[in-house]
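So the chains spell out like this:
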Amino acid sequence: MLLLSIIFLSTGFIPIFSQFTGLYTELSKEDLFIDLSKLVSSILVNIKIKHCYAIITDDIYSNILTDDFFNKMESSPVFIEKIKTSQEMQDPDSNTSIFWQSIKLNPCEIYVIFLANGIQVEGFLRYADANRILSPNAKYIILHDYRLFTPAQHYIWKRFINVIFIKLYNQHPYVSYRKAGLPFELSTVAFPSSSHNIFVSSRLDIWQAGKFRYKKPLFLDRTENMKSEQLKVVIFTHNPAVTRDTSMLKSENVTYNGVEIKIMEALQDVMNFTGIYYELENADDVKWGEKLENGSYTGLLGEMDAARSDFALADLHYTSFNLKVLDLSIPYNTECLTFLTPEATSDNSWKTLILPFSGSMWAGVLTSLFSVGFIFFGVSFIYRRLHGPLMMGMTDETASSSQKKKKTKKSKVPADMFDQLSNCIIYTYSMLLYVSLPKFPMTWSLRILTGWYWIYCILIVVAYRASMTAILSNPFPRVTIDTIEELAKSKIGIAIWGDQNKGFFLMSQDKFSQEVGEKAEHYSDPLAITKMVAEGKFALYENEFFLKEMRSKVKSSETQLSLHIMSHCSIHMPVAIGLEKNSPLKKQVDKYIRRLIEAGLISKWLMDTTKDFQASEEESPPEALVDLKKLYAGFVALAIGYSLSVVALIGEIIYWKYFIERRPDFDKYELYKLYQ
């Protein structure tokens, strides 16, 4: 990352000149700008510009932009903007806004800002901080001006620490400057500083006649060693980032665990600072916080927006909403954001008899079952039409006598078992149930047809038995919600915390995600909403580790429905450590977090944090047992058979009572005549 250098000059020169009598007789105003130009160019040359630099000046200090100045800078690209003395820096005009957006999108290594009006410098610093115009890792050179060090500006110097203040060195008033030139004192912000309410500066060097007196490095990275500085860390307990040690709840000093706590402890050791951890009193109610109508924020975000804390540990998502309030480190992990949904067991034991085959398979089996009896009867009918009826056990003599009788009277006794349609249907059904035929067909055509039909019956029955065995040996299937589409089509409600999370679904291009967003409701108590999930009323949206924790808390109690974490991740969300807006520590924090990731420590800490919730993993299905419940289908089939038998019996009684007994030839003493 390129380091940005910004040079601010304001009105500190003119009052100093007025203090010394005879000064103007020795030096002209042009001499001031010449020496100032030499000082600035020498600083810029020492920085060794590799990319570009920008100059923001006004009519007064534009005089330092001489040919000599640009010749020393050689061919380095430069951005130049001249500000009017009447320009309101916190409400810039269109041209100024365009320039500031340009330097924001194309950051240079050095920014030179020469403004005579110290109020404009103060306004620019506030505007640049609020809109992130300048990088917090920039190097600043600012003319010493008391208006920049008021208590209202102290938060600026906590963020922009690579700063040099320039002022005329106040040596003896009668020392001649004609030969030696004007001396300038260079000072900087004392960082880290034990005093947070008072602005403290420290001298860096003195420049005169093109030379530095002490030849000290002007810009040092002071974030590597924080010298045991105490930094405030606001936390919000949220698994797996921060968890509260439940064993210490009765003690006065509450301890915290979690991935981000481990990361912060590692940063404390390597950067040499001490973290002061604290929670907001209403943290459980306001949680991360939301934006109010007046532009302020509540909760943890409000704490960071007011610059009352240096770090924030709260499982912060890497979103534009959070980035407007604070800085985020590089993501240390990517969490799966999904839903905790109710789970039900489908009790379809009453359908066990029809489950082995699919609907199309049943359609094929039933079609063949109803048609094969007619096929057998058709083959037998064609054969009888061609060869006449065959009588079982006939000899030549009986055959000739039969032919004679046939001329006078048609035989009513079938010669073969498949000559009647009723027999064909009954025998083909019985073959499918592995019931042997009472005798073998006499004609070869029916014998061949019977053999192939037996093969078909064997295949069907074996497949049915195997599928039935698998169904009886497996537990009942679970009815779960595993996709956004299934969730959108379900009748349960959606519980989501915060409008920013709800906005992800409403702004989605997927219509099912939009439906989920429209159904979403805000919740405040995660444990209460988890109990409602167990009742089948809601689905809870959170990261998978937090959902496992909630499931483990509700799992001990008897609930109507089991809890299931949806396998489909709605969003793979990066999470990061929160820092104060424009924090100078971000560069070092990113460097060490990257090393922790590469070393595998964060993965290890994540496993350690979530191991207590591994017991909340979904239980594997129980071993299969063929109990009475799984045999409900047999009782259902038996009940259906009994019902049909009773209906048939009642039908026969009604038919006998109202049709047979009313026939004219009915004689209850000669009933045998009805069956002839």
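Residues numbered from 1 in each chain as written. Predicted model: local features only at pLDDT ≥ 70, side-chain atom pairs only at ≥ 80, totals over all residues. Heavy atoms only, no water.

The name given to the chain in an unreviewed UniProt entry is CSON013115 protein, with Culicoides sonorensis as the source organism. As recorded by UniProt, the Subcellular location (unreviewed entry) comment attached to the chain reads in full: "Cell membrane". (UniProt positions renumbered as here; feature names shortened; annotations may be inferred.)

A. Structural context of the overall build of the chain. The secondary structure content of the chain amounts to 23 helices and 22 strands. The buried share among the 676 residues of the chain stands at 44%. When the accessible area of the chain is evaluated, it comes to approximately 36900 Å², of which 57% is carbon and sulfur surface. (Helix = DSSP H or I, 4+ residues; strand = E, 2+ residues; numbered from the N terminus. Buried < 20%, exposed > 50% of the residue type's maximum accessible area, 1.4 Å probe, protein only. Areas by Shrake-Rupley, 256 points an atom, 1.4 Å probe, with all protein chains shown as cover.)

B. The arrangement of the pairing of strand S8 (residues 201–208) in detail. Pairing of strand S7 (residues 183–189) with S8, which is carried by 7 bridges, proceeds in the antiparallel orientation. Note that in S8 the partner of Pro-183 across the bridge is Gln-208. In terms of strand pairing, S8 meets strand S9 (residues 211–212) through 2 bridges, oriented antiparallel. Within S9, the residue paired with Trp-207 across the bridge is Phe-212. (Pairing = 2+ DSSP bridges.)

C. Molecular detail of the UniProt feature "transmembrane region" (unreviewed entry) in the chain. According to UniProt, the positions carrying the feature "transmembrane region" (unreviewed entry) are residues 361–383, 413–432, 444–464 and 631–656. The span residues 361–383 is 100% helical and 0% strand by assignment, and the distance between its end C-alpha atoms comes to 33 Å.

D. Just the packing of helix H21 (residues 586–599) against helix H22 (residues 601–610), in detail. At a closest axis distance of 5 Å, the pairing of H21 and H22 adopts a crossing angle of 75°. The orientation of H21 with respect to H22, classified from their angle, is roughly perpendicular. Here H21 contributes Ile-593, Leu-596, Ile-597 and Ala-599 to the contact with H22, which in turn contributes Leu-601, Ile-602 and Trp-605. Residues of the contact of H21 with H22, tallied by class, amount to 7 nonpolar, no polar and no charged. (Axes fitted to C-alpha atoms, helices over the stretch in contact; angles between N-to-C directions. Parallel < 35°, antiparallel > 145°, perpendicular 65-115°, else oblique. Contact = heavy atoms within 4.5 Å. Nonpolar A, V, L, I, M, F, W, Y, C, P; charged D, E, K, R; others polar.)

E. A look at the state of the cysteines. Under the defined criterion, the tally for this structure stands at 2 disulfides. Disulfide pairing places Cys-52 opposite Cys-108 at an S-S distance of 1.9 Å. Between Cys-52 and Cys-108, the disulfide has an S-S torsion of -100° and is therefore left-handed. Of this pair, Cys-52 sits in the loop between helix H3 (29–47) and strand S2 (53–57) while Cys-108 is found in the loop between helix H5 (94–105) and strand S4 (110–114), placing the two residues 56 residues apart along the sequence. Take Cys-52: its relative accessible area is 3%, and that puts it in the buried class. (Disulfide = S-S within 2.5 Å.)

F. Region of interest: the packing of helix H8 (residues 259–271) against H21. Where H8 contacts H21, the axes come no closer than 11 Å and their chain directions differ by 115°. The element H8 and its partner H21 pack so that their crossing is right-handed. Of the residues in H21, those touching H8 at Ile-263, Ala-266, Leu-267, Val-270 and Met-271 are Gln-588, Val-589, Tyr-592, Ile-593 and Leu-596. Partitioned by chemical class, the residues of the contact of H8 with H21 number 9 nonpolar, 1 polar and no charged. (Left-handed = near helix turned anticlockwise from the far one by under 90°.)

G. A look at the environment of Gly-181. For Gly-181, the location among the structural elements is in the loop between strand S6 (162–168) and S7. Residues Gly-181 and Asp-31, 150 residues apart in the sequence, show an inter-C-alpha distance of 8.3 Å. The residues contacting Gly-181, other than those within four sequence positions of it, are Asp-35 and Gln-208.

H. A look at the confidence of the model for the chain. Predicted confidence across the chain gives a mean pLDDT of 81, with 83% of residues reaching 70 or more. Across residues 1–27 the pLDDT falls below 50, and counting only partners more than four positions away or on other chains, this stretch makes 92 contacts in the model. The low-confidence segment residues 406–413, where pLDDT is below 50, has 4 contacts with residues more than four positions distant or belonging to other chains. (pLDDT = per-residue confidence, 0-100.)

I. How the structure looks around the packing of aromatic side chains. Counting across every chain of the model gives 30 aromatic pairs. Between the aromatic rings of Phe-69 and Phe-70, the centroid separation amounts to 5.4 Å while the plane-to-plane angle is 90°, which identifies the pairing as edge-to-face. Ring centres 5.4 Å apart and planes at 80° place the aromatic pair Trp-157 and Phe-165 in the edge-to-face group. Looking at Trp-157, the relative accessible area reads 3%, which means it is buried. An aromatic cluster is defined as three or more aromatic residues linked by ring pairs; in this entry it consists of Phe-376, Phe-418, Tyr-427, Tyr-453 and Tyr-456. The ring centre of Tyr-214 lies 5.6 Å from the NZ or CZ of Lys-216, which sits over that ring. When the ring centre of Trp-444 is taken as reference, the NZ or CZ atom of Arg-447 above it lies at 4.9 Å. (Phe/Tyr/Trp six-rings, centres within 6.5 Å; stacked < 30°, edge-to-face > 60°. Lys NZ or Arg CZ within 6 Å of the ring centre and 35° of its normal.)

J. Here's a closer look at the pattern of salt bridges. Within this structure, the stated rule accounts for 16 salt bridges. Here Glu-303 and Arg-308 are joined by a salt bridge, their closest N and O atoms 3.2 Å apart. Overall, Arg-308 belongs to the partly exposed group, its relative accessible area being 45%. Through salt bridges that share partners, Asp-129, Arg-159 and Glu-580 make up one connected network. (Salt bridge = Lys/Arg side-chain N within 4 Å of Asp/Glu carboxyl O.)

K. Quick peek at the side chain of Asp-482. When you line up the elements, Asp-482 lands in the loop between strand S17 (478–479) and helix H16 (484–489). A distance of 2.9 Å separates polar atoms of two side chains, one belonging to Asp-482 and the other to Thr-480. There is a polar contact of 3.2 Å between the side chain of Asp-482 and the backbone nitrogen of Ser-567. For Asp-482, the contacting residues outside a window of four places in its chain are His-564, Ile-565, Met-566, Ser-567 and His-568. (Polar contact = N/O pair within 3.5 Å; in protein donor to acceptor, adjacent residues only side chain to side chain.)

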